[in-house]
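Chains, contacts and geometry: an overview
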Number of protein chains: 2
Amino acid sequence: MGSLSERKKKILKAVIVNYTQSAEPVGSRTVARGYRIGLSSATIRNEMADLEEMGYLEQPHTSAGRIPSDKGYRYYVDHLMEGVQLTSEEKKAIKNLLNAEKIREIEKIILNAARVLSLSTNYTALIMGPQFQKAAFKQMRILPLSEKQGLVVLITDTGFIKNKIIDLPYSLTPSELHQVVNYLNHKLYGLTIDQVTTSLINELKRDLFRRLEILEQAFLLLEESLKEEEQVRVYLGGTTNILNQPEFKDVEKVRSLFSLFEQEALLSRLLENSSDAEQVVVNIGRENKLQDIHECTLVTATYSIQDKMLGTMGILGPTRMEYCRVIGIINYLVDYLNLILSTPNR
Amino acid sequence: MGSLSERKKKILKAVIVNYTQSAEPVGSRTVARGYRIGLSSATIRNEMADLEEMGYLEQPHTSAGRIPSDKGYRYYVDHLMEGVQLTSEEKKAIKNLLNAEKIREIEKIILNAARVLSLSTNYTALIMGPQFQKAAFKQMRILPLSEKQGLVVLITDTGFIKNKIIDLPYSLTPSELHQVVNYLNHKLYGLTIDQVTTSLINELKRDLFRRLEILEQAFLLLEESLKEEEQVRVYLGGTTNILNQPEFKDVEKVRSLFSLFEQEALLSRLLENSSDAEQVVVNIGRENKLQDIHECTLVTATYSIQDKMLGTMGILGPTRMEYCRVIGIINYLVDYLNLILSTPNR
DNA sequence: TTTAGCACTCGATTAGCTTGAGTGCTAATA
DNA sequence: TATTAGCACTCAAGCTAATCGAGTGCTAAA
């Protein structure tokens, strides 16, 4: 597949670079003039015809220039693109934006990261919040609210905090409650939320029954607050950025994209797909599973805290995207975020 | 101002009703045919010319029909519109949607209400979350996370729960911490968050100093978690609904509207404006302060818990809106929501 | 193998024409 | 006096034809 002649590579690259900027089909003459290839437009024309036949370029109509196909972009990303380092100003800008305040809550950090990502790329940022299910149990507390209600506070090792109001079984005295909570904290410490399955809970339940003779209902709280398949939150930034792109001058496209944005479940599946990979993943056009973004590219990367993968972030833009810039930025941001998150006393 | 002849009223109403459905300028013939006024188109033409001169109607261009002006809609809303009761099916549908699960957390209820509101009106719903500042302090707790960090949990009487991670002054022993918390709970109980001003905190600080000789830093937590002017959250529902309206076939308008949607601060100010009023408030077109929604109507109402005003909800659609339906729905939803929220053990 | 040259294609733009919904005005009518 | 019928007029929208020009493919010469 990497078997394109040097000349074809140069031309393909020229077409992509030009099209990325102009959003207009690129003609042979433009390539001949602008990119120091030292060939006449006629020759380039022939090469471009070849590239089209091979599937790297497309022609909107007979008498127009060429635009890159998904396959063309793919080749560009895999073989032609030069990784670009951010300038130190850009880096500084990102750091500044991200550090506006000393923030400890992970959710706010992530919300902020989405903002930064969209601002610095001018595309739309999607960030999947920490996957609650995969975090490890750190501690829980129950604060009594009234006779019959309590507030469960659940804290994971990744700094995720979850509240849930529950009904308390009337027969629990404060000290019994305390005992239950202590017992659970002891037993569950370090397990991932996934591991705290119903069966484990049932087991503990039996155990506790014997020891403390506490009402079964006491356990509904944990089940309730854990089992409830919590949708992973996806934070969006710069959703309107994409409206600046000429490919979205049609309201129909805008609608289909924005209704996707409204469906968190779909978004999180979209991001989850890429979440195994170590590196930055680029999904170009129809490589994406969802119809609605068949004309978009989604660049994703995962962020983590002390080597434990937390979630995925992505940039969504038109396939005609500034690939190297975006990849550079997302790379830098992920690294920096990992650093922040892993700093012990952040 | 209510001094329109009966005939003019009928005609104005006919124009508005028709335009609301068709989104096309309404001609004299259409009015004569469809609305049993018993007058010829010529007469109606004359009346419509009068109405235009008076500012209730507008003409996009000479040879087109008339469309209502903001003033026309205003008159309609104030004098001509018949309040429409929802059918019992509609009511049932709303109840079902809202009650999908037994939900206790107020935030989720509100999020859900936004969904319901947008689904049943087909416009965009904005709901301002509970105004933290105006809620009354109920209790606070501090859960130690590590040596140096603690989690402040703050609960208001309106069921709002707020977490914040803070740095603990190293010199506090658990029991000292406990004492401080108890003292604060005692002192602050029942005050609104607004009332817990810095000066009160300072006062308490002096007080505590004397009694417990506890480090000043212990107080940073409260200040930090309260003073931080927490932006009121605004929840959106059905943002894409508005894209179905023909008045938004132009991407420019979509962009300006959606970038407004991204700015929570602006949205909350928008809703706050109407938040004194008891009743449903209708802001038509240019009556709205923000340029971006000069072609929209915002219908708002406030919801409360046991007569304490919590927040505002609104419906945003084109000025050509089904006023009576929207007002009926928002009225019903607010009443119902108030009922749910005020039920003691919800 | 490359290039110059040329005929050809086809979207985009413009201008002119037609259509039709709707108006305003006037004169006739109830 | 209020209403209506009739008619000339207006103007956006839609259609067609003509023009323009960027860009192509092909051919023949270098």
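Located above this text is the structure these notes cover.
So, a few notes on the structure that sits alongside this text. Owing to the predicted nature of the structure, the values given are computational and were not obtained by experimental measurement. (Residues numbered from 1 in each chain as written. Chains lettered and ligands numbered in written order. Predicted model: local features only at pLDDT ≥ 70, side-chain atom pairs only at ≥ 80, totals over all residues. Heavy atoms only, no water.)

1. Brief notes about the overall build of chain A
Scanning chain A for helices and strands turns up twelve helices and ten strands. Taken across its 346 residues, chain A has 53% of its residues classed as buried. Considering only contacts in chain A between residues 6 or more positions apart, those separated by 24 or more positions represent 60%. Within the structure as shown, chain A displays about 16,600 Å² of accessible surface, and the carbon and sulfur contribution to it stands at 48%. (Helix = DSSP H or I, 4+ residues; strand = E, 2+ residues; numbered from the N terminus. Buried < 20%, exposed > 50% of the residue type's maximum accessible area, 1.4 Å probe, protein only. Contact = heavy atoms within 4.5 Å. Areas by Shrake-Rupley, 256 points an atom, 1.4 Å probe, with all protein chains shown as cover.)

2. Quick notes on the interface of chain A and chain B
Between chain A and chain B, the residue contacts involve 38 residues of the former and 40 residues of the latter. In total, about 3,400 Å² of surface goes out of reach between chain A and chain B, with carbon and sulfur atoms giving 51% of it. At the surface where chain A touches chain B, the tally comes to zero salt bridges. The tally of links from chain A across to chain B stands at eight residue pairs in polar contact (both at pLDDT 80 or more). Among the secondary structure elements, those contributing two or more residues to the side of chain A that touches chain B are strand E4 (137–144), strand E5 (149–156), strand E6 (161–167) and helix H10 (251–262) of chain A. Of all the elements, H10 of chain A adds the most residues to the side of chain A that touches chain B, at six residues. Along the lines of polarity and charge, the residues of the side of chain A that touches chain B split into 13 nonpolar, ten polar and 15 charged. (Buried area = accessible area lost by both parts, 1.4 Å probe. Salt bridge = Lys/Arg side-chain N within 4 Å of Asp/Glu carboxyl O. Polar contact = N/O pair within 3.5 Å; in protein donor to acceptor, adjacent residues only side chain to side chain. Nonpolar A, V, L, I, M, F, W, Y, C, P; charged D, E, K, R; others polar.)

3. Notes on the protein's contact with DNA strand C
DNA strand C sits among 20 residues. The nearest are Arg-7, Thr-43 and Ser-63 of chain A together with Ser-28 and Arg-66 of chain B. Backbone polar atom of Ser-40 of chain A to a phosphate oxygen of DNA strand C: 3.2 Å apart, as the coordinates give it. Here a phosphate oxygen of DNA strand C and a side-chain polar atom of Ser-28 of chain B are 2.6 Å apart. Broken down by element, the surface near DNA strand C gets its largest block of residues, four residues, from helix H3 (residues 41–54) of chain A. (Near = heavy atom within 4 Å.)

4. Let's talk about the environment of Thr-158 of chain A
Topologically, Thr-158 of chain A is positioned in the loop between E5 and E6. Relative accessible area serves as the criterion here: at 2%, Thr-158 of chain A is assigned to the buried category.

5. Digging into the packing of helix H5 (residues 88–98) of chain B against helix H12 (residues 323–342) of chain B
All names here are of chain B. It is at 11 Å that the axes of H5 and H12 come closest, and there the two elements cross at 45 degrees. Overall, the two elements H5 and H12 adopt an arrangement that is oblique. In the packing of H5 onto H12, the handedness of the crossing is right-handed. The residues of H12 that touch H5, namely those facing Glu-90, Lys-91, Ile-94, Lys-95 and Leu-98, are Arg-325, Ile-329, Tyr-332, Leu-333, Tyr-336, Leu-337 and Ile-340. For the contact of H5 with H12, the per-class residue count stands at eight nonpolar, no polar and four charged. (Axes fitted to C-alpha atoms, helices over the stretch in contact; angles between N-to-C directions. Parallel < 35°, antiparallel > 145°, perpendicular 65-115°, else oblique. Left-handed = near helix turned anticlockwise from the far one by under 90°.)

6. Details of helix H12 (residues 323–342) of chain A
Across its 20 residues, H12 of chain A extends 28 Å between first and last C-alpha, which sits within 8% of the 28 Å expected from 1.5 Å per residue. Within H12 of chain A, 14 of the 20 residues are buried, leaving the element largely enclosed by the surrounding structure. (Expected span 1.5 Å × (residues − 1).)

Everything listed is a geometric property; what it means functionally is a separate question.
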